[in-house]
Amino acid sequence: MSNSIKLTYQVSDDDFTRAGEASSNVKSKLKMMNVPPDAIRKVAISMYEGEINMVIHANGGTITVEISKDCITMVLADKGPGIKNIEQAMQAGFSTAPDNIRTLGFGAGMGLPNMKKYSDEMDIQTEIGVGTTVTMKVYIQ
Amino acid sequence: MKISELTAKNLFATVNDGGNGDTEITKPFACDLLSFAMSKASSGCAWFTVMGNVNTIAVSVLADCACIVLCEGAELDEVATQKAQQQNVTVYRTDMPVFDAALMLYKEMQ
Ligand SMILES: Nc1ncnc2c1ncn2[C@@H]1O[C@H](COP(=O)(O)OP(=O)(O)OP(=O)(O)O)[C@@H](O)[C@H]1O
Ligand SMILES: [Mg+2]
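Everything in this summary refers to the structure shown in the same document. Owing to the predicted nature of the structure, the values given are computational and were not obtained by experimental measurement.

Of all residues adjacent to ligand 1, which total 22 residues, the nearest are Ser 95, Thr 96, Gly 107, Gly 109 and Met 110 of chain A. Bordering ligand 1 are residues originating from chains A and B. The separation between a nitrogen atom of ligand 1 and a polar side-chain atom of Asp 78 of chain A is 3.0 Å. One nitrogen or oxygen atom from the side chain of Thr 96 of chain A is found 2.5 Å from an oxygen atom belonging to ligand 1. Among the elements of the structure, helix 2 (37-58) and helix 5 (111-118) of chain A are those that each provide at least two residues to the shell around ligand 1. With four residues, the top contributor of residues to the shell around ligand 1 is helix 2 of chain A. When its residues are assigned to classes, the shell around ligand 1 shows ten nonpolar, ten polar and two charged.

In structure tokens form, the structure reads like this:
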């Protein structure tokens, strides 16, 4: 697509103090570009959940965001442990988050369901011991 | 009710003034689990929670909450305080339980 913008973010492992920074950054960029608020909200929710999952479950990774006129594409790639059973992971309430993470307010098992709900398209590629790549699209009408 | 009005009422102690006094509070919202808050907190809400860490601030910004009210005497930790200052998030605190505090604001808004 012509004149699209591509952004890249490195998400570090276990760095909760910066968690959500990539999502916040994308959100303010979209705001400046006058993207409709409901599309911004969808991107903010789905990207934040994916970003936090990378920190908590996969030792960080890389996020690329492509913003074009009619679509925002987010690709979240990590070299974490992979997801054993995607169907189970997608269920509302399923979580393997450890106790120290739960005390921070995570671990409801709602992240992946939120990502599915608030993105218009979502694809998960995962391999045990290799990593996980989540691709999400939000359309701008 | 605007944030500036809520601050002036002194129902809750101000922990951080986010400089958004003109923001209109739409309604109280209560939740502690971040993924629920992320999807259910509506724009302009006053978010009542006991979670005072940096992730609360992040979710509040992403969900466009008007302010955070820390309940049950919960404290905003140091990192979260810095983040709230950086991101201009208004944070209050109270010793009241979550429901009582949210109900008090609700009544004030009627
Ligand atoms: N990138 C990832 N790499 C490895 N495992 C993952 C990844 N993302 C999710 N998972 C697995 O899927 C489960 C469900 O994820 P989900 O985001 O729905 O819930 P959660 O992160 O545990 O809690 P919440 O998101 O509500 O705070 C996780 O507990 C984890 O086991
Ligand atoms: Mg999650």
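From this point, things continue past the structure.
One finds Ile 63, Val 65, Ile 72 and Met 74 of chain A together with Trp 47 of chain B to be the most contacted residues of the largest nonpolar core, which totals 61 residues. At eleven residues, helix 2 of chain A tops the list of elements feeding residues into this core. Contact partners of Ile 72 of chain A, with chain neighbours within four places excluded, come to Leu 30, Val 35, Val 43, Val 65, Glu 66, Ile 67, Met 136, Lys 137, Val 138 and Ile 140 of chain A. Grouped together as the second largest cluster of nonpolar side chains are 16 residues, Phe 12, Cys 67, Tyr 92 and Val 98 of chain B included.

In this section: the packing of helix 1 (residues 21-32) of chain A against helix 2 of chain A. Residue and element names in this part refer to chain A. Where helix 1 contacts helix 2, the two axes come as close as 8 Å, and the packing angle between them is 165°. Relative to helix 2, the element helix 1 is oriented roughly antiparallel. Considering only the axes of helix 1 and helix 2, their crossing is right-handed. Residue-level contacts link Glu 21, Ala 22, Ser 23, Val 26, Lys 27, Leu 30 and Lys 31 of helix 1 to Ile 40, Val 43, Ala 44, Met 47, Tyr 48 and Glu 51 of helix 2. Of the residues in the contact of helix 1 with helix 2, the class split is eight nonpolar, one polar and four charged.

Bringing the sheet that holds strand 1 (residues 5-11) of chain A into the picture now. All names here are of chain A. Spatially, five strands are ordered 1-2-3-5-4 in an open sheet, and the strand pairing comes out antiparallel. Lying at the two open borders of the sheet, with one neighbouring strand each, are strand 1 and strand 4 (121-127). This sheet shows a mean twist of 10° between the axes of neighbouring strands, independent of strand direction. As defined by bridge partners, strand 4 adjoins strand 5 (residues 131-139) across seven bridges and the pair is classed as antiparallel. Pairing of Gln 125 across the sheet is with Thr 133, part of strand 5. Along the sheet, helix 2 makes contact with strand 1, strand 2 (61-67), strand 3 (71-78) and strand 5, crossing strand 3 at roughly 5°.

The rules behind the values
- Residues numbered from 1 in each chain as written.
- Chains lettered and ligands numbered in written order.
- Predicted model: local features only at pLDDT ≥ 70, side-chain atom pairs only at ≥ 80, totals over all residues.
- Heavy atoms only, no water.
- Near = heavy atom within 4 Å.
- Polar contact = N/O pair within 3.5 Å; in protein donor to acceptor, adjacent residues only side chain to side chain.
- Helix = DSSP H or I, 4+ residues; strand = E, 2+ residues; numbered from the N terminus.
- Nonpolar A, V, L, I, M, F, W, Y, C, P; charged D, E, K, R; others polar.
- Core = buried A, V, L, I, M, F, W, Y, C linked by side-chain atoms within 4.5 Å.
- Buried < 20%, exposed > 50% of the residue type's maximum accessible area, 1.4 Å probe, protein only.
- Contact = heavy atoms within 4.5 Å.
- Axes fitted to C-alpha atoms, helices over the stretch in contact; angles between N-to-C directions.
- Parallel < 35°, antiparallel > 145°, perpendicular 65-115°, else oblique.
- Left-handed = near helix turned anticlockwise from the far one by under 90°.
- Pairing = 2+ DSSP bridges.

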